[in-house]
Amino acid sequence: MRHRHFLRLFSAGAIVLSVLAGPALANPVVVFDLKSGQILQQQDAFKRWYPASLSKLMTAYVTFRAIAAGEVQLDSPIKVTKHSAAEPPSKMGFKPGSVMRLDNALKMMLVKSANDIAMAVGENVGGSQAAFAERMNAEAARLGMNGTHFVNPNGLYSPDQYTTARDLSILVMAIRREFPQYAPWFSIEGLAVGKKAIPNYNLLIGRYPGADGMKTGFVCSSGFNMIGSATRNGRTLVAVVLGEKSAVSRAQAAARLLDQGFDTPDAGSTTITTLAPYGDTVSPNDMHDEICKKRKREEQSEAPPAAAKDGSKSPYREKLDHVPTLVAVGLGGATGPAPKAMLDDGEQQYADVPIPSWRPDMPVPAGAGPTMAGSAAQGDQPVKAAN
């Protein structure tokens, strides 16, 4: 009896440990089966990491919950505030006062990874950035994301915005299980904004067989993060990859992990929710100097890369081998009710009052809250004019 119990324990852990027996991985990864939550591979799953634009998955989740609760509708107006319009790239660049449908805003946030739109969604759905961050943290706590904390809806760097690969896995399961109706939004190949085509930053979409989501993220301090999902023969696997060195290498890493996962028929019994914490769970990892200090500005970007000049081949450096299917988005068409968080007791919309900011030549007073890093790469591409 004791012998059989040992064999069961060994079998449950064998797949998880197999990643350590192969080539060494330099950063946190988790690969799991979406339906069962069973882990196929993992390393440093509880290591604290800056999420960058993977934060937008929680922004989407909070918004989906708000829709389900009747606080807002898909055709509700999302107004670009003065605060959201001032967010650094990646961004859509709409002027303050511009209004769009909520569903269009979410698609721009998820595909383009637009920081201004994510902030606008947060402010409109939550009433303010701070109020929306409180909701993000409340949902994280409810889901059991014990190593996660948010201060903004778009993932721009803050030392107080962090997560783990394990926590992100829990969030992915919640989104895909609770809101399957929105799954197609995570696999959009590109957006059409007027005459402009915007490709998805997730390089697996349209290139990796069966790819169907989810999101990418980048700030200097996080490196290149990615969550990629794919479905084959009715089986959906998810790979969480944090801290890669480029947009191409993270796509390659995710594809390799998914390939290994699909080649593994049984995942053992350890799941995302039963995996016990281990290792250093409180010291944040900061890749700023490694990623951005000595790199060219064009290498500090999530934008789809150009073909390699040295002739090296990677399917994730090449353009799609087909004409991408674009989803049209833009301003207007918001005929639904205003978000309840933007209405006062008399059902009147709050005025868009600019949020006070400190003079750049004066120090920020102690206790004024976390400040954004002043590095060149603040969001999903270098700080420059709105694209």
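So, a few notes on the structure that sits alongside this text. What you see is a predicted model; the values in this text were computed from it and never measured.

Helix and strand content of the chain: nine helices and ten strands. Buried residues in the chain amount to 54% of all 387 residues. Sequence-distant contacts, at least 24 apart, represent 71% of the contacts inside the chain between residues at least 6 apart. Carbon and sulfur atoms form 55% of the exposed surface of the chain, whose accessible area is close to 17,400 Å².

Judged by pairing direction, the sheet is antiparallel, and its five strands sit side by side in the order S2-S1-S9-S8-S7 without closing on themselves. Two strands close off the open sheet at either side, each with one partner strand: strand S2 (39-43) and strand S7 (211-219). The mean angle between the axes of side-by-side strands here comes to 10°, regardless of whether they run parallel or antiparallel. Summarising the sheet, S7 and strand S8 (residues 223-232) pair through eight bridges and their orientation is antiparallel. Bridge pairing in S8 links Ala211 to Ala230. Against the sheet, helix H8 (residues 247-262) engages strand S1 (29-33), S2, S7, S8 and strand S9 (235-244), with an angle of about 145° to S9.

So, about the nonpolar core. Formed by 95 residues in total, the largest nonpolar core has its most connected members in Phe32, Met58, Phe64, Ile117, Leu204, Tyr208 and Ile227. Element by element, the count of residues in this core is highest for H8, at nine residues. For Tyr208, the residues in contact, after removing those within four places along its chain, are Ala230, Arg232, Ala255, Leu258, Asp259, Phe262 and Tyr316.

The end-to-end C-alpha separation of helix H7 (residues 165-178) is 20 Å, in line with the 20 Å expected for 14 residues at 1.5 Å each. The buried fraction of H7 amounts to twelve of the 14 residues, a majority that puts the element mostly inside the structure. Ala165, Arg166, Asp167, Leu168, Ser169, Ile170, Leu171, Val172, Met173, Ala174, Ile175 and Arg176 are the residues of H7 that are buried. Packed against the buried residues of H7 are S1, helix H2 (55-68), helix H6 (129-143), S7, S8 and S9.

Another point: the sheet that holds strand S5 (residues 190-193). Here we have three strands laid out as an open sheet, ordered S6-S5-S10, and mixed in their pairing. In the strand order of this sheet, the two ends are held by strand S6 (196-199) and strand S10 (326-328), each with one partner. Across the sheet, the mean angle from the axis of one strand to that of its neighbour is 30°, orientation sign disregarded. Taken together, the three bridges between S5 and S10 define a ladder with parallel strand orientation. Residue pairing for S10: Ala192 is matched across the bridge by Ala328.

This next bit is on the side chain of Asn115. Note on placement: Asn115 falls in helix H5 (residues 115-126). With relative accessibility at 0%, the residue Asn115 sits in the buried group. Within the local environment of Asn115, its side chain forms a polar contact with the backbone oxygen of Pro89, the two atoms lying 3.2 Å apart.

This part covers the state of the cysteines. Under the defined criterion, the tally for this structure stands at one disulfide. In this model, Cys220 is linked to Cys292 through a disulfide, with the two sulfur atoms separated by 2.0 Å. An S-S torsion of about -90° defines the bridge between Cys220 and Cys292 as left-handed. In this pair, Cys220 sits in the loop between S7 and S8 while Cys292 sits in helix H9 (residues 288-293), placing the two residues 72 residues apart along the sequence. Overall, the relative accessible area of 1% leaves Cys220 in the buried class.

Moving on to unusual backbone geometry. In this chain, Pro89 is followed by Ser90 through a cis amide linkage whose omega measures 0°. Its location among the elements puts Ser90 in the loop between helix H3 (82-85) and strand S4 (99-101). The omega angle of the peptide bond from Gly213 to Met214 is 5°, so this bond is cis rather than trans. Residue placement: Met214 occurs in strand S7. Within the chain, Ala52 stands out as a residue other than glycine whose phi angle is a positive 55°. Structurally, the position occupied by Ala52 is in the loop between S2 and H2. Classification of Ala52 by relative accessible area gives buried; the value is 2%. For Ser113, which is not glycine, the phi torsion reads 60° and is therefore positive. Mapped onto the elements of the fold, Ser113 is located in the loop between helix H4 (102-112) and H5.

Analysis parameters
Residues numbered from 1 in each chain as written. Predicted model: local features only at pLDDT ≥ 70, side-chain atom pairs only at ≥ 80, totals over all residues. Heavy atoms only, no water. Helix = DSSP H or I, 4+ residues; strand = E, 2+ residues; numbered from the N terminus. Buried < 20%, exposed > 50% of the residue type's maximum accessible area, 1.4 Å probe, protein only. Contact = heavy atoms within 4.5 Å. Areas by Shrake-Rupley, 256 points an atom, 1.4 Å probe, with all protein chains shown as cover. Pairing = 2+ DSSP bridges. Axes fitted to C-alpha atoms, helices over the stretch in contact; angles between N-to-C directions. Core = buried A, V, L, I, M, F, W, Y, C linked by side-chain atoms within 4.5 Å. Expected span 1.5 Å × (residues − 1). Polar contact = N/O pair within 3.5 Å; in protein donor to acceptor, adjacent residues only side chain to side chain. Disulfide = S-S within 2.5 Å.

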